Amino acid sequence: MPEELSFFDQVYEVVRCIPKGKVTNYGAIARYLGTGKSSRMVGWAMNASHISGLKVPAHRVVNRLGILSGKAHFGDPQAMQRLLEKEGLKIENDRIKNFEAHFWDPSKELELP
DNA sequence: CGATTGACGTACG
DNA sequence: TCGTACGCCAATC
């Protein structure tokens, strides 16, 4: 067991820690992992997890604008919006309303070791 | 093996 | 204030 999890694994762990009804963006996760501006890797990890079959609440991860940028990758774009609405979020025009209110920053909510 | 792309974000004009 | 350009790292073509 390597003490340092792979970048992908770390992303999965953070995303899995997202409370229900909360959402976050790629940049926040990237910053929490220390990658900083490599927010693209987070998105890549999401795609990989989706392909790997791992269960990751990727629907809770959106871009910094609160737009469901990854809805197209869920198989059914409506599924992502539906999941978020099911958690009490308000989606309009593929965008999360009150995104700031439901924003969950791992680097703030989650304590660094 | 080199070039391109990608579920993004920030900087600069 | 809005639009464009660049950087990040890895995987794929």
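Conventions used here
Residues numbered from 1 in each chain as written. Chains lettered and ligands numbered in written order. Predicted model: local features only at pLDDT ≥ 70, side-chain atom pairs only at ≥ 80, totals over all residues. Heavy atoms only, no water. Near = heavy atom within 4 Å. Polar contact = N/O pair within 3.5 Å; in protein donor to acceptor, adjacent residues only side chain to side chain. Nonpolar A, V, L, I, M, F, W, Y, C, P; charged D, E, K, R; others polar. Helix = DSSP H or I, 4+ residues; strand = E, 2+ residues; numbered from the N terminus. Buried < 20%, exposed > 50% of the residue type's maximum accessible area, 1.4 Å probe, protein only. 1 Å grid on protein atoms, 1.4 Å probe; cavity = no way out; pocket = protein on both sides within 12 Å on 5 of 7 lines; lining within 4 Å. Points joined across faces, edges and corners; volume = space filled by probe spheres on them. Phe/Tyr/Trp six-rings, centres within 6.5 Å; stacked < 30°, edge-to-face > 60°.

Undergrad: Looking at this structure, I do not really get the protein's contact with DNA strand C. What am I missing?
TA: In the vicinity of DNA strand C, the contacting residues are Lys 37, Ser 38, Arg 40, Met 41 and Trp 44. Considering DNA strand C, the proportion of its atoms within 4 Å of the protein that are sugar or phosphate atoms stands at 61%. Between DNA strand C and Arg 40 there is a distance of 2.2 Å, counted from a base oxygen to a side-chain nitrogen or oxygen. Split into classes, the residues belonging to the surface near DNA strand C amount to two nonpolar, one polar and two charged.

Undergrad: Would you mind going over the environment of Leu 83 with me for this structure?
TA: Relative to the helices and strands, Leu 83 resides in helix α4 (residues 77–86). Assessed through its relative accessible area of 33%, Leu 83 is described here as partly exposed. Residues Leu 83 and Gly 34, spaced 49 residues apart in sequence, show a C-alpha to C-alpha distance of 29 Å.

Undergrad: Whenever I open this one, the layout of surface pockets confuses me. Can you help?
TA: Over the atoms a probe the size of a water molecule is rolled, and this reveals where empty space is left. If you add up the space inside the largest pocket, you get close to 350 Å³. Every residue lining the largest pocket is counted, 17 residues in all, and those nearest its centre are Met 46, Asn 47, Ala 58, His 73 and Phe 74. In terms of residues, the lining of the largest pocket owes the most to one element, helix α3 (residues 39–52), which gives six residues. Looking at side-chain class alone, the lining of the largest pocket contains seven nonpolar, nine polar and one charged residues.

Undergrad: Can you help me understand the packing of aromatic side chains in this one?
TA: Centre distance and the angle of the planes are the two values used to describe a pair of aromatic rings. Here the structure, examined in full by the defined rule, presents three aromatic pairs. Ring centres of Phe 8 and Trp 44 lie 6.5 Å apart, and the angle between their planes is 45°; this geometry places the pair in the tilted category. Note that Phe 8 is positioned in helix α1 (residues 7–16) and Trp 44 in helix α3, a separation of 36 residues in sequence. Taken together through their ring pairs, the aromatic side chains of Phe 8, Tyr 12 and Trp 44 make up a single cluster.

Undergrad: Hey, could you run me through unusual backbone geometry in this one?
TA: The phi angle of most residues is negative, glycine excepted, and most peptide bonds adopt the trans form. One non-glycine residue, Asn 93, adopts positive backbone phi at about 60°. Exposure remark for Asn 93: the relative accessible area of 67% places this residue in the exposed category. A positive phi angle, close to 55°, is found at Asn 98, a residue other than glycine. Within the element layout of this structure, Asn 98 appears in the loop between β4 (95–97) and α5 (99–102). Judged by its relative accessible area of 57%, Asn 98 is exposed.

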